[in-house]
Amino acid sequence: TQLLEQSPQFLSIQEGENLTVYCNSSSVFSSLQWYRQEPGEGPVLLVTVVTGGEVKKLKRLTFQFGDARKDSSLHITAAQTGDTGLYLCAGADTGNQFYFGTGTSLTVIP
Amino acid sequence: KAGVTQTPRYLIKTRGQQVTLSCSPISGHRSVSWYQQTPGQGLQFLFEYFSETQRNKGNFPGRFSGRQFSNSRSEMNVSTLELGDSALYLCASSLMWQAVQNTEAFFGQGTRLTVV
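Note that the structure is predicted; figures quoted are calculated from it, not measured. (Residues numbered from 1 in each chain as written. Chains lettered and ligands numbered in written order. Predicted model: local features only at pLDDT ≥ 70, side-chain atom pairs only at ≥ 80, totals over all residues. Heavy atoms only, no water.)

What is the right way to look at the pattern of salt bridges in this model?
A side chain with one charge can pair with a side chain of the opposite charge if their charged atoms come near. Residue and element names in this part refer to chain B. Inspection of every chain in the model, using the stated rule, returns 7 salt bridges over all chains. Arg 63 is the partner of Glu 82 in a salt bridge, and the nearest nitrogen-oxygen pair spans 3.6 Å. Of this pair, Glu 82 sits in the loop between strand E8 (74-78) and strand E9 (87-94) while Arg 63 sits in the loop between strand E6 (53-57) and strand E7 (64-68); the two residues are 19 residues apart in sequence, bridging distant segments of the chain. Taking the relative accessible area as the measure of exposure, Glu 82 reaches 42% and is therefore partly exposed. In this structure, Glu 75 engages Arg 67 in a salt bridge whose closest nitrogen and oxygen atoms are separated by 3.3 Å. Members of the salt-bridge network, linked through shared partners, are Arg 63, Glu 82 and Asp 85. (Salt bridge = Lys/Arg side-chain N within 4 Å of Asp/Glu carboxyl O. Helix = DSSP H or I, 4+ residues; strand = E, 2+ residues; numbered from the N terminus. Buried < 20%, exposed > 50% of the residue type's maximum accessible area, 1.4 Å probe, protein only.)

See below:
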């Protein structure tokens with residue numbers, strides 16, 4: 001059983017389009033992180049959110065932590081080919097266990 | 001500063017053999033976590049070591065083991081290899097254990113293990 005479910009699993013869009021990736025759980029998380037992994041590399045941290053309702057922006061990427069701290073979303077505006085990769089959410093639950101999500105594979109077509 | 005170094009990058013083993021993978025964390029980091037990544041199962045947590053002690057363990061059989069040395073370098077060992085053990089094995093290093101808020105994990109490039 002995966003504690004953090006991401007949707008969609010695969011996403012293929014045209015350059016310039018917007019997209020949203022979701023990370024959902026039935027458990028409460030004390031903090032949640034988003035990573036991006038490119039082929040042949042390890043995941044790289046993009047952002048950490050810790051407060052329910054928190055919104056963080058990183059250039060064209062907007063991250064939101066749900067009010068109840070059970071879910072999160074990543075919105076990309078005007079996607080570019082450089083955004084292609086595997087997006088992973090990860091978090092620590094209130095029992096201090098750390099989990100990675102199921103992943104969303106994004107392909108941005110030029 | 002130097003990143004996380006995993007060796008070897010690629011490995012081919014036959015069923016029944018054993019394998020040892022190595023991870024050198026970022027200098028000053030005391031936590032090393034190991035993950036198995038496969039297309040079907042995603043990123044699965046193996047174990048986490050902090051200051052030479054196993055702090056946490058995932059749901060893997062006893063064939064998977066690890067250790068951490070006093071210099072924080074870590075090794076993981078898989079005995080009696082099975083075809084299903086073929087995967088990318090990633091290690092991550094961090095200052096504190098990963099469940100601590102705002103702890104950033106830095107990943108190595110991984111070791112690609114193929115069992116034939």
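Sorry, what's going on with the sheet that holds strand E7 (residues 61-65) of chain A here?
Each strand in a sheet pairs with its neighbour through backbone hydrogen bonds, running either in the same direction (parallel) or in the opposite one (antiparallel). All names here are of chain A. Ordered in space as E1-E3-E8-E7-E6, the 5 strands form an open sheet in which the pairing is antiparallel. Looking along the sheet, the strands with just one partner apiece sit at the ends: strand E1 (5-7) and strand E6 (55-58). This sheet shows a mean twist of 15° between the axes of neighbouring strands, independent of strand direction. Where E1 meets strand E3 (residues 19-24), 3 bridges bridge the pair, whose relative direction is antiparallel. By the bridge assignment, Gln 6 is partnered in E3 with Cys 23. (Pairing = 2+ DSSP bridges. Axes fitted to C-alpha atoms, helices over the stretch in contact; angles between N-to-C directions.)

For this particular structure, what's the right way to read the interface of chain B and chain A?
Listed per partner, the contact involves 20 residues of chain B and 20 residues of chain A. For the chain B and chain A pair, buried surface summed over both sides reaches about 1600 Å², with 45% attributable to carbon and sulfur atoms. For the pair chain B and chain A, the number of links is 0 salt bridges. Counting every contact that joins chain B to chain A gives 3 residue pairs in polar contact (both at pLDDT 80 or more). Of all elements in the fold, only strand E4 (31-38), strand E5 (42-50), E6 and E9 of chain B reach the threshold of two or more residues within the side of chain B that touches chain A. In terms of residue class, the side of chain B that touches chain A is built from 7 nonpolar, 10 polar and 3 charged. (Contact = heavy atoms within 4.5 Å. Buried area = accessible area lost by both parts, 1.4 Å probe. Polar contact = N/O pair within 3.5 Å; in protein donor to acceptor, adjacent residues only side chain to side chain. Nonpolar A, V, L, I, M, F, W, Y, C, P; charged D, E, K, R; others polar.)

Got a minute to help me understand the packing of aromatic side chains in this structure?
Under the defined criterion, the tally for this structure stands at 9 aromatic pairs over all chains. Ring centres 5.1 Å apart and planes at 85° place the aromatic pair Phe100(A) and Tyr35(B) in the edge-to-face group. Within this pair, whereas Phe100(A) is found in strand E10 (residues 98-100), its partner Tyr35(B) is found in strand E4, the two belonging to separate chains. Tyr35(B) shares its class with Phe100(A); the two are buried. Between Phe47(B) and Tyr49(B), the ring centres sit 5.7 Å apart and the planes meet at 70°, which makes this aromatic pair edge-to-face. Judged by relative accessible area, Tyr49(B) falls into the buried class, the value being 5%. Members of the aromatic cluster, connected to one another through ring pairs, are Tyr35(A), Phe100(A), Tyr35(B), Phe45(B) and Phe107(B). (Phe/Tyr/Trp six-rings, centres within 6.5 Å; stacked < 30°, edge-to-face > 60°.)

I keep staring at the pairing of E3(A) and nothing clicks. Help me out?
Consecutive residues of a regular strand have side chains that alternate between opposite faces of the sheet. Residues and elements named next belong to chain A. Burial along E3 is one-sided: Leu 19, Val 21 and Cys 23 are buried, while Thr 20, Tyr 22 and Asn 24, pointing the other way, are not. As paired elements, E3 and strand E8 (residues 71-76) share 6 bridges and run antiparallel to each other. Across the sheet, the residue bridging to Cys 23 is Ser 72, located in E8.

How should I be thinking about the environment of Gln64(A) in this particular structure?
All names here are of chain A. With respect to the helices, strands and loops of the structure, Gln 64 is situated in strand E7. On a C-alpha basis, the gap between Gln 64 and Thr 77 in space is 14 Å, while along the polypeptide they are 13 residues apart. Residues within four places of Gln 64 in sequence aside, it is in contact with Gly 53, Glu 54, Val 55, Asp 71, Ser 72 and Ser 73.

Quick question: what am I supposed to make of the state of the cysteines here?
In protein structure, a disulfide is the covalent linkage between the sulfur atoms of two cysteines. Residues and elements named next belong to chain A. Applying the stated criterion across every chain, the model contains 2 disulfides over all chains. Here Cys 23 connects covalently by a disulfide to Cys 89, the sulfurs 2.1 Å from one another. Around the S-S axis, the bridge from Cys 23 to Cys 89 shows a dihedral of about 75° and counts as right-handed. In this pair, Cys 23 is assigned in strand E3 and Cys 89 in strand E9 (residues 85-93), connecting sequence segments 66 residues apart. We classify Cys 23 as buried; its relative accessible area is 0%. Judged by relative accessible area, which is 0%, Cys 89 ranks as buried. (Disulfide = S-S within 2.5 Å.)

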